[in-house]
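Fold and contact review
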Amino acid sequence: MADFDFNVIWSSLPFLWQGLQLSLWLTFLSIIGGIVLGTLLALARLSGILPLSLIAATYVNLIRSVPLILVIFWFYFLVPLVLGRPIGSFYSALIAFVLFEAAYYSEIMRAGIQSVKRGQIHAGQSTGLNYWQIQRYVVLPQAFRNMIPILVTQGIILFQDTSLVFVVSLRDFMTASSIVARTEGRLVEMYLFAAVVYFVICFSGSMLVRSLKSRMST
């Protein structure tokens, strides 16, 4: 421990904070986009319209069968080709995360929708609501409430996965820590600090999930 120099952490905090901001911002946007798209996919799978259900199921099963890092590569190289112009590493990574996470959020929301009792759906039909109105006013509010702990858990996993954006040259928190570690020659100190930061954030998220489960059970 006498050979450790933790002063390098304090002197690099502004640089590390920039990386952490990118990780948190990417996580937040990906959660929002993933939940929205995932909910639409879940509704499509449960719509009873065979072509729509088949397309949604194929998409979900395909995305869940490939590694996230491969999806990031796909969209980093394919999106500029489709649009005919570069869009930058951040937006390529954001698109990849949203489309990837949507497949997982879709299954979470599908379970949440199916957890709503059929009697409530029939009650909505008896009042004259159509399918989409029932989903909007009756089913989805309850589905979101039932699935909040799992949605938060998936968000924690997503935050950890943001460390993969180094492959498209984005300077997230983990990449910033690696840069400082190599530049200053303090690998142990920086990687230990990075581990502590990830632990604190993810453990806090886990405590939030536990608290939400406890409140919902009562």
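All values derive from a computational prediction rather than experimental measurement. Numbering of residues begins from 1 in every chain and follows the order in which that chain's sequence is written. Totals for whole chains, interfaces and linings use every residue, but because this is a predicted model, local features are given only for residues with pLDDT of at least 70 and side-chain atom pairs only at 80 or more, for both listing and counting. Side-chain numbers come from the whole structure's heavy atoms, not from hydrogens or water.

Considerations on the packing of aromatic side chains
The condition that has to hold: Side-chain rings of Phe, Tyr and Trp (the six-membered ring for Trp) are treated as a pair once their centres are within 6.5 Å; stacked means planes under 30 degrees apart, edge-to-face means over 60, and tilted covers the remaining angles. Helix and strand labels come from DSSP, where a helix needs a run of H or I of at least four residues and a strand needs a run of E of at least two; each type is numbered from the N terminus. Only protein chains enter the accessibility calculation, which uses a 1.4 Å probe. A residue is then buried if its area is under 20% of the maximum for its type, exposed if over 50%, and partly exposed in between.
Summed over the entire model, instances satisfying the criterion amount to nine aromatic pairs. Considering the side-chain rings of Phe 73 and Phe 77, the 6.2 Å spacing of their centres and the 10 degrees angle between planes classify their relative orientation as stacked. One end of the pair is Phe 73 and the other is Phe 77, both in helix 4 (residues 68–83) and four residues apart, which spans about a single turn. The exposure class assigned to Phe 73 is partly exposed, which follows from its relative accessible area of 30%. With 5.1 Å between their ring centres and 75 degrees between their planes, Tyr 76 and Phe 77 make a pair best called edge-to-face.

Details of the environment of Ser 169
The residue Ser 169 is located in the loop between helix 7 (131–161) and helix 8 (173–184) in this model. Residue classification places Ser 169 among the exposed positions, given a relative accessible area of 66%.

Some words on the side chain of Thr 175
Operational definition: Here a polar contact is taken to be a pair of N or O atoms separated by no more than 3.5 Å, where protein atoms must pair a possible hydrogen donor with a possible acceptor and residues adjacent in sequence count only if both atoms sit in side chains. Residues are treated as being in contact if the distance between any of their heavy atoms lies within 4.5 Å.
Locating Thr 175 in the fold gives a position in helix 8. A relative accessible area of 17% places Thr 175 in the buried class. At 2.4 Å, the side chain of Thr 175 forms a polar contact with the side chain of Asp 172. In contact with Thr 175, not counting residues within four places along its chain, are Phe 166 and Leu 170.

Digging into the UniProt feature "domain: ABC transmembrane type-1" (unreviewed entry) in the chain
Condition: UniProt positions are given in the numbering used here, feature names are shortened, and annotations may be inferred rather than shown by experiment.
Under the present numbering, the feature "domain: ABC transmembrane type-1" (unreviewed entry) in UniProt falls on residues 20–209. Secondary structure content for residues 20–209 is 83% helix and 0% strand, and the end C-alpha separation is 22 Å.

Some remarks on a nonpolar patch on the surface
Under the convention used in this document: Exposure above 30% relative accessible area and no salt bridge define the residues that can form patches, which grow by joining like charges within 9 Å and nonpolar side chains of Val, Leu, Ile, Met, Phe, Trp and Tyr within 5 Å. The Shrake-Rupley method, run with a 1.4 Å probe sphere, supplies the accessible areas, and residue values consider only the shown protein chains as cover. Whenever a carboxyl oxygen of Asp or Glu lies within 4 Å of a side-chain nitrogen of Lys or Arg, that contact is scored as a salt bridge.
The grouping of Phe 6, Trp 10, Leu 13, Leu 192, Val 196, Phe 199, Val 200, Phe 203 and Met 207 at the surface amounts to a nonpolar patch, some 840 Å² of accessible area in total. Looking at the nonpolar patch, the element that brings in the most residues is helix 9 (residues 187–217), giving six residues. Here Phe 6 is to be found in the segment before helix 1 (7–11). When its relative accessible area of 31% is taken as the criterion, Phe 6 is described as partly exposed.

Some details on the packing of helix 2 (residues 13–45) against helix 3 (residues 50–63)
Keep this limit in mind: Axes here mean lines fitted to C-alpha atoms, for a helix over just the part in contact, with angles spanning 0 to 180 degrees between N-to-C directions. Angles below 35 degrees are treated as roughly parallel, those above 145 as roughly antiparallel, those between 65 and 115 as roughly perpendicular, and all remaining angles as oblique. Left-handed describes a crossing whose near helix is turned anticlockwise from the far helix by less than a right angle; the clockwise case is right-handed.
Two elements in contact, helix 2 and helix 3, have axes separated by 7 Å at closest approach and are oriented at 130 degrees. The orientation of helix 2 relative to helix 3 falls into the category oblique. The two elements helix 2 and helix 3 cross, and the hand of that crossing is left-handed. Residue-level inspection shows Leu 37, Leu 41, Ala 44 and Arg 45 of helix 2 in contact with helix 3, the latter providing Leu 52, Ser 53, Ala 56, Ala 57, Tyr 59 and Val 60.

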